[in-house]
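# Observations on chain architecture
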2 protein chains.
Amino acid sequence: MKPVFSFVVTVGLIALVTGVAVTGQTPQPQNQPRYTANDELVMPENYREWVWLSSGIGMTYGPNASESTAANPLFDNVFVTPEAYRAFLQTGSWPDKTMFVLELRASHTEGSINKGGRFQGDVRAIEVEVKDEKRFAGKWAFFDFRGNRSPVKPLPQTAQCYSCHSQNGAVDNTFVQFYPTLIEVARQKGTLKTAAR
Amino acid sequence: MKPVFSFVVTVGLIALVTGVAVTGQTPQPQNQPRYTANDELVMPENYREWVWLSSGIGMTYGPNASESTAANPLFDNVFVTPEAYRAFLQTGSWPDKTMFVLELRASHTEGSINKGGRFQGDVRAIEVEVKDEKRFAGKWAFFDFRGNRSPVKPLPQTAQCYSCHSQNGAVDNTFVQFYPTLIEVARQKGTLKTAAR
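What you see is a predicted model, and the numbers here were worked out from it, not measured in a lab. All chains use their own residue numbering, which begins from 1 and follows the written sequence. For naming, the first written chain is A and the first written ligand is 1, with later ones following in the order written. Local features in this predicted model are restricted to residues whose pLDDT is 70 or higher, and side-chain atom pairs enter the listing and the counts only when it is 80 or higher, whereas totals over whole chains, interfaces and linings include all residues.

## Concerning the overall build of chain A
Numbering of helices and strands starts at the N terminus; helices are DSSP runs of H or I of at least 4 residues and strands are runs of E of at least 2. Summing up its helical and strand segments, chain A has 4 helices and 5 strands in all. In chain A, the succession of helices and strands from N to C terminus is α-β-β-α-β-β-β-α-α. Counting other C-beta atoms within 10 Å of a residue's own tells you its class, since 20 or more makes it buried, 12 or fewer makes it exposed, and anything in between is partly exposed; those C-beta atoms are placed from the backbone. Taken over 197 residues, chain A has a buried fraction of 38%. Considering only intrachain contacts with a sequence separation of at least 6, the fraction spanning at least 24 residues in chain A is 48%. Two residues qualify as being in contact provided that their C-beta atoms, derived from the backbone, are within 7 Å of each other.

Next comes the structure, spelled out in C-alpha cells:
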C-alpha cells in the first residue's frame, strides 16, 4: 500500500479497535452498569455528564426524606444515561441496562448576591436505580451509595423503594410524572400507567 | 489491496470525511452558536441534552426574578454545552463559543405522591448567554427567548445582566459560585476572581 492508504488503514483500525472517533471529539463512554465479582454495583462516577431530568426540593417521599426538613430542605437531582434517554424519546419506555442516579444535595439561602430562595450545596446521598432484566428478579434494583462510593450490593427487596416505585411510578418503575419533558413523551407514546393518565 | 483492507480503508475514509464514529454511537452535534443573516441567535433546541450545572429555586437576582414569589417560586436550571464543560474541567475557564441556557420553570407542591416540597412544571422563560469573542465587544452577550423560540438579537449592553454578571460572576462572566461541582475546579485551577475566593 502507498503511505496515504497505510495511514488511513491505521486510523481506521485504531477507530475500529478502540471505539474512538477520528474527529477529535471525546467518545461517549458506554454507560452500562458494571458489577464486581461479588455482585456489587460500581458507582457510575460520570453521572453528572448524563442527561439531567429534573430537580425538586424538600420532597416528602423517597430515600432520606427524613433528612429534608422545612428549615433545611434537600435538593433532589435526577440523571439518566444518555443511551436510555434517547431510547425513551423514541419509545416512551426504558430499555434494559437503564441507570438512574438520584443525587441529594444540601440547600443554602444566602451566598454571594443571592439573599433569598435556595441554591445547591454539598452532596448528602447518592442512590442508583438499575434496570437489568436478567440479573434482578423484578428487573429493577436500587443501590445506596451513601457515605462513600465503594461498590455496593442491591438493597433488599423489602426496602420501601421497590414497592413505592412499582406502585406509584408513572412509567414502569420510574417517577416520570416528575420529569416535565418526559411525561409528555410518555403521554404521546401511550406508556403511562392507567393511574397516571 | 485485499478486500479486508479495502473495507477498513473505506470505513476509515467515511469516518474521516463525515466525522461519524465507527462505533455505532450517534455523533455528538457541534454545539456552536448559530446566527441568522440578521445577527439573531438561533435557539439551541437541544439544550436539555447539554451538561446541567445546577438548579435553584426562588433566587432573588437575575432575569424574571420578579415573577418568582414566595408563594410561587420559580426553579432556575442552568445548562452548558458539553464542549465548554469539558474545557472548563481542564482549564477552569470558558472557551470561545461557550453557551449557557438558563431555563426558568414553575414549581408545584402537590402532585402524585408528593405532598410537600416542590417539583418542576412548565417553562416560564429561556435566557441564553454566549461567549463569542470576535462578535461581541464585551466577549459575552445575552439573549431572551421569552414568549417564543424564534431567533432574537442580543439584549442591549445597558441590560442589567451585563453589569451584574461582569461584577458578580465568580469566574469570567458566569456565576460559578452557584455550580457546586465547578466551583471546586475553579479553585484548583486558580481562575476564581479575587472577590470570590
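## Looking at the confidence of the model for chain A
The pLDDT value tells you how sure the predictor is about a given residue, anywhere from 0 up to 100. Summarising the model, chain A shows a mean pLDDT of 84, and 78% of its residues fall at 70 or more. Note that pLDDT drops below 50 for residues 7-25 of chain A; the model gives that stretch 36 contacts with residues more than four away or on any other chain.

## Things to note about the sheet that holds strand E2 (residues 75-80) of chain B
Residue and element names in this part refer to chain B. Between any two strands, at least two bridges found by DSSP are needed for them to pair. Pairing within the open sheet is antiparallel, and its 5 strands lie in the order E1-E2-E3-E4-E5. This sheet does not close on itself; its edge strands, each paired only once, are strand E1 (51-57) and strand E5 (140-144). Neighbour-to-neighbour, the strand axes of this sheet turn through a mean angle of 25°, independent of strand direction. Across 6 bridges, E1 lies against E2 in antiparallel orientation. The residue of E2 that forms the bridge with valine 51 is valine 80. Interaxial angles span 0 to 180 degrees and are taken between N-to-C directions of axes, which are lines fitted to C-alpha atoms, for helices over the stretch in contact.

## With respect to helix H2 (residues 82-91) of chain B
Along H2 of chain B, the positions that sit buried rather than exposed are Glu83, Ala84, Tyr85 and Phe88 of chain B. For H2 of chain B, the elements touching its buried residues are E1, E2, strand E3 (99-108) and helix H4 (182-189) of chain B.

## Overview of helix H2 (residues 82-91) of chain A
Where the residues of H2 of chain A are buried, they touch strand E1 (51-57), strand E2 (75-80), strand E3 (99-108) and helix H4 (182-189) of chain A. In the stretch just after H2 of chain A, glycine 92 of chain A is the one whose phi turns positive, near 75°.

## Side note on the pairing of E3 of chain B
Residue and element names in this part refer to chain B. With 7 of 10 residues buried, E3 lies mostly within the body of the structure. Sheet topology note: the E2/E3 ladder contains 6 bridges and is antiparallel. The residue bridging valine 78 from the neighbouring strand is leucine 102, located in E3. Judged from the 9 bridges that link them, E3 and strand E4 (residues 119-131) form a sheet pairing that is antiparallel. Paired with phenylalanine 100 across the strands is glutamate 129, a residue of E4.

## Brief notes about the sheet that holds strand E4 (residues 119-131) of chain A
Residues and elements named next belong to chain A. Taken in spatial order, the 5 strands line up as E1-E2-E3-E4-E5 in an open sheet, and their pairing is antiparallel. Both outer strands of the open sheet, E1 and strand E5 (140-144), are each paired with one neighbouring strand and no more. On average, each strand axis in the sheet is inclined to that of its neighbour by 25°, with strand direction left out of account.

## Things to note about the nonpolar core
When a protein is soluble and globular, its nonpolar side chains tend to lie buried together. Core analysis: the largest hydrophobic core is formed by 78 residues, its most contacted members being Phe79 of chain A together with Phe79 of chain B. Apart from the residues within four sequence positions on either side, phenylalanine 79 of chain B is in contact with Tyr47, Trp50, Val51, Trp52, Leu53, Phe100 and Val101 of chain B. For our purposes the nonpolar core covers buried Ala, Val, Leu, Ile, Met, Phe, Trp, Tyr and Cys residues that link as a set through C-beta atoms within 7 Å.

## Focus: unusual backbone geometry
Of note in this structure, aspartate 172 of chain A is not a glycine but carries a positive phi near 55°. Although it is not a glycine, lysine 97 of chain B adopts a positive phi angle of roughly 80°. Here lysine 97 of chain B shows up in the loop between H2 and E3.

## Some words on the environment of methionine 43 of chain B
Mapped onto the secondary structure, methionine 43 of chain B falls in the loop between helix H1 (3-18) and E1. For the pair formed by methionine 43 of chain B and proline 151 of chain B, sequence separation is 108 residues and the distance between their alpha carbons is 6.1 Å.

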